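Secondary and tertiary structure notes
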Amino acid sequence: MIAEIGLAFLWLAGALAIGQLFMGVLALRNGDGQGAAYASAIRPTAILQGLLVSLSFICLIWLFMVTDLSVKLVATHSHSLKPMLYKFAGSWGNHEGSMLLWVSIMAASGALVALLEKRISERMMIATLAGQAFVSIGFYAFILLSSNPFERLSPVPLEGNGLNPLLQDPGLSFHPPTLYFGYVGLSIAFSFAVGALITREVGPAFARAMRPWVLGAWIFLTLGITAGSYWAYYELGWGGWWFWDPVENASLMPWLAATALLHSVTVLASRGALKAWTVMLAVVAFSMSMVGTFLVRSGILTSVHAFAVDPERGTFILILLAVYIGGAMALFGLRANTVTEGAKFQIVSRETALVANNVLLMALLAIVLMGTLYPLVTEAMGEQVSVGPPYFNPVSAIFFVPMLIVMAVGPMLRWRKDSLQRVTTAMAISAMAAALALLALVIFAPDAGLLPSIGLVLAAGLAIASLYPLWKRNLRRTPLPTYGMVLAHLGVAVSLAGMATESAFTTERLVASQVGESHEVAGWTVTLEGIEPVAGPNWTALAARISAKSGGQVVMLEPQSRNFVKPFTNTSEAALHTQWFGGQLYAVLGEQAADGRWQLRLWWKPFVHFIWLGGLLIGFGGLLSLIGRLVQVRRRPVKAEAGQGSTDPAMA
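Small disclaimer: the values here were computed from a predicted structure and weren't measured.

Interhelical geometry of helix α14 (residues 389-409) versus helix α16 (residues 450-466) gives an angle of 20 degrees and a closest axis separation of 10 Å. Considering the angle they form, α14 stands roughly parallel to α16. In the crossing of α14 with α16, the sense of the turn from one axis to the other is left-handed. Packed against α14, whose contacting residues are N393, P394, A397, V401, L404, I405, M407 and A408, the element α16 presents L451, I454, L458, L462 and A465 at the interface.

Take a look at the structure:
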């Protein structure tokens, strides 16, 4: 009965989305009278739609929690003996559930816009909610016609298949929803852009309404990518944190576009400039989230993330992608001449730095997009081609290096007009930090490699430059968005330092070890003390007891080789020991050889944890900026939002 109720809620929500779209169109086409009636109904419709689809997803969660095996999705992706956390996460750890989660977040976000947003004209609000309904309808149709999560199964099996063991990890349980919040935030930004184009109201008020959604989406994308990278690092047992896999790129591309959009929308909201840039980037950012959805959900890729394997579903998503992206681009082309020129600025100004930053980000996005799609195109033509780090690393560095330089200099500049002479001292201090890092590398690590050396030098300069906005300021009165910008840029420097150090100085040992035998890796004496069987709630494992000694310090590591029965899968659980100002000792247990020796993979990775520490700093910086912006909104009278300029000195 719960399944039927959930499906009914979903159908009703889809019907309301259709009604919301038509009410928006009729309200925009008609003036007073009948048009006003439609206009007054569109907000309650959006709120009710969000409530119904949220209830539908709650029904699906309940079915997983009680392991209702009469529902096909539960029987295929759950198991009665699975830990409760993974029953809960299993509701979205599959194709149908993940798409229902997507549309639930989208509808709930639209409801929040309808309920809370008061800063834009009512006409733009109607157009925005109509645009959001237009996007939602396609996803409702996709779920209801080809991916029904509530489909019944007969006969009812005695037991379920279980969730993919690689997904049975606390961190990864919340990695997909985090990314989805990011994707859906971009869909709301897209709807705002469509609404602004339809009503010809592209200005600061539109940007201020859209900015929290862009900033929130960017925060969730940052945290989602960071969590996914760390999961791959410790769960897959390969010792790496990024491999330019198409599924990894599917999340990186929206993040790059969202980063450019965040800078652009901030300039428009604060200074009244970059109007066309902001609208175009809103379309591009949502387009990249749709491209990522197509790659992951169409079955075109084989991955732990790629749930759908039905070509018809892939075709459906491809059609949605073409309709949304093509329609938005066509609308932009038709209305581009109505987007008036924004406030002008000089060559030497913060706006120019942000434009340069956006151009470089778009170049990086193009590189990632081409490298991701090219193997798929060649495979369709019968040719197998692999595109990986040998392409992505050097080619992306061509644009990433100047982008970091612009990132360092940009916050030093004033809005609209400035001179380089004014910031000569600040730039010299940053350059000195970079020069000292280069000197240290030449003396102590001449074999570090070109790209890692460039990364460390730029990280040192950027770390110092990121603190400049706090120089000679009253720290107690400094706006939160300024602190957010500082922390985000500092986080980039920290992550970059971790990436470069790990790439340049990692030590790896692959050994075959008897119990009691010792091995050396980067100053650590590692001894295999024993192998013991252990059992978990739905798995059994062989666990190695490894002692590691360095400088009088002794730590114990317990990597595991786990076996799951439903479905039958073998996984590696890496063991990590972190020294916050040193690095990570990383151990993986392999198979036992015929002579009784055990394979061990050992790494010493200097400062590798800085990669994810930097990601957390970036996300926390974004959170501070978001809180600061929301506080400003509460303090600022609504009428002020209609203005065309601002003296806001901070940039998130």
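Attention now moves to the confidence of the model for the chain. Atomic detail in the predicted coordinates should be set aside for any region of low pLDDT. Averaged over the chain, the pLDDT score is 89; the fraction of residues at 70 or greater is 94%. Taken together, the stretch residues 303-309 has pLDDT below 50 and engages in 26 contacts with residues farther than four places along the chain or on a different chain. Taken as a whole, residues 638-652 scores under 50 in pLDDT and shows 50 contacts with residues more than four places along the chain or in a different chain.

Moving on, we come to the nonpolar core. Ranked by internal contacts, the top residues of the largest apolar core, which has 158 residues, are F139, F192, F206, M210 and W218. At 16 residues, helix α9 (residues 204-235) tops the list of elements feeding residues into this core. A domain split of this core shows at least three residues from each of domain 1 (1-173) and domain 2 (507-606).

Taken together, the side chains of M432, L436, L438, L439, V442, I443 and F444 define a hydrophobic patch exposed on the protein surface, amounting to about 770 Å² of accessible area. With respect to the helices, strands and loops of the structure, M432 is situated in helix α15 (residues 424-444). M432 sits in the exposed class, given a relative accessible area of 52%.

With that settled, consider the pattern of salt bridges. It is possible for side chains bearing opposite charge to pair when their charged atoms get close. Taken as a whole and assessed by the stated rule, the structure comprises ten salt bridges. The partner of E122 in a salt bridge is R43, with the nearest N and O atoms 3.3 Å apart. With E122 in helix α6 (residues 122-146) and R43 in helix α2 (residues 34-65), this residue pair connects regions lying 79 residues apart in the sequence. E122 sits in the partly exposed class, given a relative accessible area of 38%. The class of R43 is buried, set by a relative accessible area of 14%. Its salt-bridge partner being E508, residue R601 comes within 2.9 Å of it at the nearest N-O pair. Residue R601 is found in strand β10 (residues 598-606), and its partner E508 is found in strand β1 (residues 507-513); the two are separated by 93 residues along the sequence. Look at R601 and you get partly exposed, because its relative accessible area is 30%. In the salt-bridge network here, residues are joined through shared partners; they are E4, D68 and R152.

Rules of the game
- Residues numbered from 1 in each chain as written.
- Predicted model: local features only at pLDDT ≥ 70, side-chain atom pairs only at ≥ 80, totals over all residues.
- Heavy atoms only, no water.
- Axes fitted to C-alpha atoms, helices over the stretch in contact; angles between N-to-C directions.
- Helix = DSSP H or I, 4+ residues; strand = E, 2+ residues; numbered from the N terminus.
- Parallel < 35°, antiparallel > 145°, perpendicular 65-115°, else oblique.
- Left-handed = near helix turned anticlockwise from the far one by under 90°.
- Contact = heavy atoms within 4.5 Å.
- pLDDT = per-residue confidence, 0-100.
- Core = buried A, V, L, I, M, F, W, Y, C linked by side-chain atoms within 4.5 Å.
- Buried < 20%, exposed > 50% of the residue type's maximum accessible area, 1.4 Å probe, protein only.
- Domains from an automatic or database assignment.
- Patch = residues over 30% accessible without salt bridge, like charges linked within 9 Å, V, L, I, M, F, W, Y side chains within 5 Å.
- Areas by Shrake-Rupley, 256 points an atom, 1.4 Å probe, with all protein chains shown as cover.
- Salt bridge = Lys/Arg side-chain N within 4 Å of Asp/Glu carboxyl O.

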